[in-house]
Every structure is written in structure tokens, then in C-alpha cells.
Amino acid sequence: MPRSSFNSDWTIKSKVSIFTELNDNPDDRRAVTLPHDAMLALERSPEYGQGSGYFAGGAVEYRKVFQAPLDWRDRRVTLQLQGVYRDAVVLVNGAFAAQRPNGYSVFSVPLDPFLHYGAENSVVVEARAHQDSRWYSGLGIHRDTVLSVTGLAHLATDGVRISTPEIDEDKAVVAISARIVNEDVVTRTLSVHWRILDALGSEVTTTSSPLTVRAGECAVVRQRAYVPSPRLWSVANPNLYRAVTEVWDRDERIDDLETSFGIRSLSLDPIDGLRINGEVVKLRGACIHHDNGVLGAAAIGRAEERRIEILKLAGFNAVRASHNPLSIAMIEACDRLGMLVIDETFDMWTTAKNSFDYSLSFPEWWERDVESLVAKDFNHPSVIVYSIGNEVLDAGNPHGARWGRRLVEKVRALDPTRYTTNAVSGFVGTITALLPDLKKRAGELRGKVGVNDLLGELHHLFDELSLSDRVTDMTEETHSVVDVVGHNYAPSRYTGDLERFPQRVVLGSETLPRDIDELWSLVIEHPHVIGDFTWTGWDYLGEAGLGSTRFDDEEFAPYPWLTAWCGDIDITGHRRPASYYREIVFGLRAEPYIAVDRPRGTGRAAHGLGWAWTDSLSSWDLMLDAGAPVHLEVYSAAEEVELILNGRSVGTAPTGPAHRFRAAFDLPYEAGELVAIARSGGRETTRTMLRSISGPIVLRATADRSAIRADDHDLAYVSIELLDADDTMATSSDMTVNVTVDGSGILQGLGSARPDTEESFLAASTTTFEGRALAIVRPTGAGEITVTVSAPGFEDVLVTVRAHESDPAFEVR
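Reading guide: rules and limits
Residues numbered from 1 in each chain as written. Predicted model: local features only at pLDDT ≥ 70, side-chain atom pairs only at ≥ 80, totals over all residues. Heavy atoms only, no water. Helix = DSSP H or I, 4+ residues; strand = E, 2+ residues; numbered from the N terminus. Buried < 20%, exposed > 50% of the residue type's maximum accessible area, 1.4 Å probe, protein only. Contact = heavy atoms within 4.5 Å. Lys, Arg positive; Asp, Glu negative; His and termini not counted. Charge placed at Lys NZ, Arg CZ, Asp CG, Glu CD. Arc of directions from axis to C-beta. Disulfide = S-S within 2.5 Å. Axes fitted to C-alpha atoms, helices over the stretch in contact; angles between N-to-C directions. Parallel < 35°, antiparallel > 145°, perpendicular 65-115°, else oblique. Nonpolar A, V, L, I, M, F, W, Y, C, P; charged D, E, K, R; others polar. Phe/Tyr/Trp six-rings, centres within 6.5 Å; stacked < 30°, edge-to-face > 60°. Lys NZ or Arg CZ within 6 Å of the ring centre and 35° of its normal.

S.K.: Summarise the overall build of the protein chain; cite the residues concerned and give the values.
M.R.: Along its length, the protein chain carries 12 helices and 49 strands. C-alpha extents for the protein chain along the principal axes are approximately 90 × 65 × 60 Å. Evaluated residue by residue, the protein chain yields a buried proportion of 60% over its 813 residues. Long-range pairs, those at least 24 residues apart, make up 70% of the contacts in the protein chain between residues at least 6 apart in sequence. Averaging the locations of the 80 positively and 117 negatively charged side chains of the protein chain gives two centres separated by 4 Å.

This is the structure in C-alpha cells:
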């Protein structure tokens, strides 16, 4: 196949100056398989700050040695790098070949001018990270790499484009084009053939066209194919087709590519909102950062897929990339699983948020990075909206609005089939102009209230300024250039701006999790409000402690805090209480959910920023003395819930929408069974139960799948749990567990969801958090993989996974 994975056989070392190498000859190269995150191996210290999760920055050098056969002289060899964080420089056989400042853009590097044919060659990729991100960025080649070896006449990179402009029950028009590059010295007359296959691999239609391309030029060939009785792509039924593009020179096939696509229509207006295939869709959205928890920023295919699987099971139907383009692997997972996507360009334009961030490169590079984003997304049915920015500081002035217009018009020129938005914070976008007023008001408050109350009062002040007429006027032009107005933390504007701007379609592009019941009511009640995106669907590294709950005698998220702790789902994939609350609000869960306050907060005043949920978990294993006070909530959409402890009624309380789906109870602790019964109309609708630990605890380890592919895209996730004989989680009995991997695999990562840990995800041991830990195993070849989990006082647990051989070549979609 002309395109294959280039992920294996790399080495990595710290980048040092040539003079240091000459004097000390340090060679700390380690073998790695891509995607890879080098930041996980760097130092953590209080001096590096909460934003990065207290990780240091650094510079690294990846190197790969490979053979270039003699027959490549008459071929074209290109290396595609799908994401290098950041300020990448590519050297081939010691010569500069390319650079890319953006840490998330896909870019291609022609290797031909630098190759030694019939000999050994080297490619070096340098990467840097230093005070350039507000959250944990990772470091290095964190996404896939692909090597293309084609003829002199070949399909251009991202040269196949597919759209479905006309759809009805009987047929769908598939508009398909291919851009052919002729790097030969003679004119070539070629033939381009397309076969469209359904999900089972059956051929549904074909088309072809001749094409003449002069030497040194490129040409585009277009066809309209007709698919009978099309199976449409949607969230509920993510039906996919495949277009096989073949380029023929007489009887010789000289290039080919397989591209997945979906047949679906989009429409948008303030009367009906967003419609997909003619049906109104409200976006139940999750903002997500790019890291994969214990893997760091490495976007290994199975890790990206698993996140989408869990998010969809939790009730989300859409994700917003925050605040950079999603990986190709994640977009493909969204296509397969039925998850809608808002893909985002930048977190900043011309005004910096960090000392050395992308704003330094934006004026020169923005256009190429937008081109990369659209080329990556064009054929993917899951992508419905492009976001041109997040809380950019340029949004509140005319020059910033001009930049927004340029970005949007560039996107529309490249892809007129999708919509645009800009996730605007009225406060952030106008902060430069409003800063004198804010400082004055904050100074007045500072002398009247304590530190914790000051944070709350400042939050109200931010809201007041964000919703002012002054901000409305300052952001009007910025909002006017996009198709969907994105509001970050400004739900009052959904209806407040309606009279002045009746033609606007509005999106809650970023919202607070604790307000989801009120926010979702606004989404449901107003057609022009198409959805809500919570911050955040999945917990992430960096912005340490953003969602933490602290008490009067505690510092805010000091070292070693690592995660933001504001996700519905923790970094290991375990759903937290907010996730179940949201599922109930969405109308997707009937069973009540019991959220018990952690004992550490008993009798103390709790404080948290707007992103904090209650400091709770669903457990009755509390390690408290009998009679100790416990506070808990029951979430339910029913009219009322009754709480029963060991067969005795504790009380009944109203729930449902009128009571924000929550009922609070205070009771003395008593080990045993705690049951919540939901009732409507006087009848029980459903119930749930928590149990205390009973009897000895056992160590259990379970793989998510017993068989995986023996390639660089797959992983086995091994859940490690402490349980009693009834499978009740021992949330109060944490201990250190050790993991070894034998056979055809390695331990890629090990850790827990503990938000304030000093333990490394690269170590072979970790401490469980509330009874859980997670080991991630990567195959190194075909064969059996044995994972052994051990802990003091427990019998070792063995888990076996089989890695099956697969073709290392794969088609780039």
C-alpha cells in the first residue's frame, strides 16, 4: 500500500546544544513508539505552576533511521506528521526540511530532496514546550505519523473530497473530487475510478473519468455518483460508506486511497434550530481537552476511541475540541460511534495568554493552520461546526472582529458545507477595556469580604460586566461574522439578546456543570438555542484544582495537584456524580443516584469555583464511626424520593425539575444498606442501593477486551479494583498495587484518578484512588500478553490478552 504507519522504531532524547554534545557526549536515547508524550518524564515542582499541572517544559529530539530503496528514486516520498507539540523542526539527514509552530496541526514533509537512495537515512523531529499553554500540553510527537510512497503522478495529500449535497429517500448525490499531482517531466493522461461500498463492503455504485495533467501541474477531477436508498449517518445510526479512489495509467494502477464518509444533511435557522437529516437535534455537549489521562497527550487510536465510547454512554451526543483541533483518530472514532463534533482552531489570535504561546506565530501561520483543520475534517460526517477561537482577547475590538471575519471567510472558502462559530467570553473579549473598572470594583470588595467570599463576589462582578450593554456593543461585530453565536458562561444572553438580535442562532459553547438543569431548560424551551457544552466532559491534566472543593483552612490546589478535577468523567474513564446528574437532567436515566459527601468535609465550610461539583461519591463505605453525621443528595427526575437505611425510612423529599432534580438528606452513619426509592404519582418507579463493605476485600483486575490488534493503534485497558464478595467497591481502603507485563506487550501507563498525586504514570506501581486504578497495555507484536497485578496481603491477579496480527499498512482517511 502507498501509505503506511511510520510510528515504530523511533528514539528520543533531550535536546541540547551541539556544544554540550561535543563536550559531554550525552546520549540518553530511549526507544519509543508513536504517538508519544515526552512531558510525562519531566520534572514536576511547585515552581512550574498550576496551569501545566506543575510539569516543567523542555525540548526533545525524536530520531528514526530507515532505509530508502533504490526504486524510490522514481517515487515521491512524503512524511505526514499529524501533531507535534510544539514549534516542530524537521531535519532529514541533517538538513532542515520543515517547521510547524502549531502543536496540533497536521502537516506533510517531502523527503525526496534529502534522501540517500539504497542507503540508511535519518529523520529528526525536534519539539519544544515552554510557557505556551494554559493547560497541560504534553511534549513531542503526540499524534500519528504516516509515510507515503507514491508514483510521480499521484493523489495529492488530502486530495479526495466528498460531500452529499442532495439527499432523498430514493437516492443521494455523492459529489466526489480528486486532486492529481503530476511531478513527472511529461504530460500524463490518466483515468480516475471510484467505487462506493456500503458498511458490509458491497459495491453500491461506481464512476470514473479521464484526466490529463501536464508536467509539473496538478488538476482536479470531479464526478457525481448516485447512491440508491441511502442509509443516512446520524448520532443514533452512524452509517458509513467507503469511497475507493484508484488512479490508473492504462492498465497499471498507480495510486489508490480508501476514504470513509457519511451521507447526511445539515440545516440551521433560529426557527427550528439545528436539523440533521431534517430532524431537530439539541446538542448535549462536552468540552474536552486533548490529553488521555495516564497516557498524557499521546493520541493513541484506542485511547481516543474509548473516550468517545464512554462519553456517549454517559449521555453526550457532541464534543467540542478545546481549544485546538481534534486528532484524526478521534474524529474517525466520532464518525464510527455517532458523536457530533465542533472542531476548534485556536485558543488565541494576536494577543497572548502565555508568554511564549502561538500568538507569536498566528499572524504568519493562521491561514495554513486553518487549511490543515478543514482538510482534516472535510470528509467526516461527525464534524458539523468549525470554531475559529476560544475566549480570544481580540473579540471586543474592531481589529479583532476583522481577524474573525478573515478566519471565517477562509473556512467558508474551503468548506461551504458546514457552519462556523466563535466561543466568545464577553468578559475576556473586552477585559482590556474593562480592566480599570474591574480593578476599582475588586479593590472596593477586597476590604469588605474575606478571600473565599471575594472569589464569589468577583464571579458575580464578571457576570455583571459580561452582560452589560457596553459588552453587547463591543462584541456585536465579532458575533455577526459567524453562523452560530457561541457564548461562554453567559446563559442570560440566550434570551436577553433575542429582541435586539432575533436572527441569531445561539450555542452555550462553554458552561458551568452545576447549572446544567437550568441551562438545559433554556436549550429545550428556545429553538434558536441549539445546545450546551459543559466544562468539562472529561477531567484533564493541568489547570490544577479548577474544580476542586476546599475548606477554610486549605490552600487552593497546591502542589502536587495534577488534574483540573472538573470533569463529569475522571481521567481513568470512571463517571463521577455530576455525570449521573446530567444524565437525569437530559431525561436519559430513570434510576435515582445517591451522592454522599466525602467525610473530610463534615462540619467544615466548603468553597469552590464555579466549575466545582459537590465533594461527593456514590459509596456507603465511609470508614466513619456509627452515628457520625453524613450529608448526601439523591438525584432523581421522579416527583419524590424516599431514603431507607437498613430497612428504616430516613425520610421523603421532593425531587424532579421543580426541585432541581435533587433531594438533600442528613443522617447518622450506620453501616449496611442504603436505598433510594423514586416515586411519581404515589407509585415506585425505580430504586438504587449502596452497600457498606462486608467481609474480606479482594483484588480484581479486568481487561476491557480479551483480544486486541497487534499494531501501534490498539491498547488493552486493565481496570484494577478493590472489592468485597458482593462486588461493593472498597472506596476507603486504598493501597499500592504493582503491575508487570510479560509477553507481547508493554506497560504504557499506570495510575489512578487521584487529582493530587506525585506518582508518575510511567512507574510500575501506583496507589489506588477510592478503590480503583488503571493499567494501560500496548502490544509490541502478535502473541499472548500476561498482566500481573499484585498488592501486599493479596493473591496476585493475572489477566491474559491476545494480540492478533494485523496488516501494518493502513489507509489514511
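S.K.: Any details on helix α11 (residues 516-525)? Residues and values, ideally.
M.R.: All buried positions along α11 are accounted for by Ile516, Asp517, Leu519, Trp520 and Val523. The arc that holds the buried residues of α11, viewed along the axis, is 160 degrees, so those residues lie on one side.

S.K.: Describe the state of the cysteines, naming the residues involved and giving the relevant values.
M.R.: Structurally, a disulfide amounts to a covalent bond that connects the sulfur atoms of two cysteines. Summed over all chains, the structure comprises 0 disulfides. Cys334 forms no disulfide, and the closest cysteine sulfur to it belongs to Cys287, at a distance of 14 Å. Counting only cysteine sulfurs, Cys287 is the nearest neighbor of Cys566, a cysteine outside any disulfide, at a range of 9.9 Å.

S.K.: An account of the packing of helix α5 (residues 398-414) against helix α9 (residues 469-480) is requested, with residue identities and associated values reported.
M.R.: The N-to-C vectors of α5 and α9 enclose an angle of 10 degrees; their axes lie 8 Å apart at closest approach. It follows from the interaxial angle that α5 and α9 lie roughly parallel. Contacts between α5 and α9 pair Pro398, Ala401 and Arg405 from the former with Glu477, Thr478 and Ser480 from the latter. Considered class by class, the residues forming the contact of α5 with α9 number 2 nonpolar, 2 polar and 2 charged.

S.K.: Describe in detail the packing of aromatic side chains, supporting the description with residues and values.
M.R.: All chains considered together, the criterion is met by 24 aromatic pairs. Judged by centre distance (5.4 Å) and plane angle (90 degrees), the rings of Phe346 and Phe362 are edge-to-face. Separated by 16 residues along the polypeptide, Phe346 in the loop between β25 (340-344) and α4 (362-377) and Phe362 in helix α4 bring together distant segments of the chain. Owing to a relative accessible area of 3%, Phe346 belongs among the buried residues under this scheme. With 5.1 Å between their ring centres and 75 degrees between their planes, Tyr581 and Tyr635 make a pair best called edge-to-face. In this pair, Tyr581 sits in helix α12 (residues 577-585) while Tyr635 sits in strand β35 (residues 629-635), placing the two residues 54 residues apart along the sequence. Like Tyr635, Tyr581 is buried. Grouping aromatic residues by their ring pairs yields a cluster made of Phe346, Trp349, Tyr358, Phe362, Trp366 and Trp403. Here the basic side chain of Lys64 rests over the ring of Phe6, its NZ or CZ set 3.7 Å away from the ring centre. A cation over a ring is seen here: Arg307 above Trp538, with NZ or CZ 6.0 Å from the ring centre.

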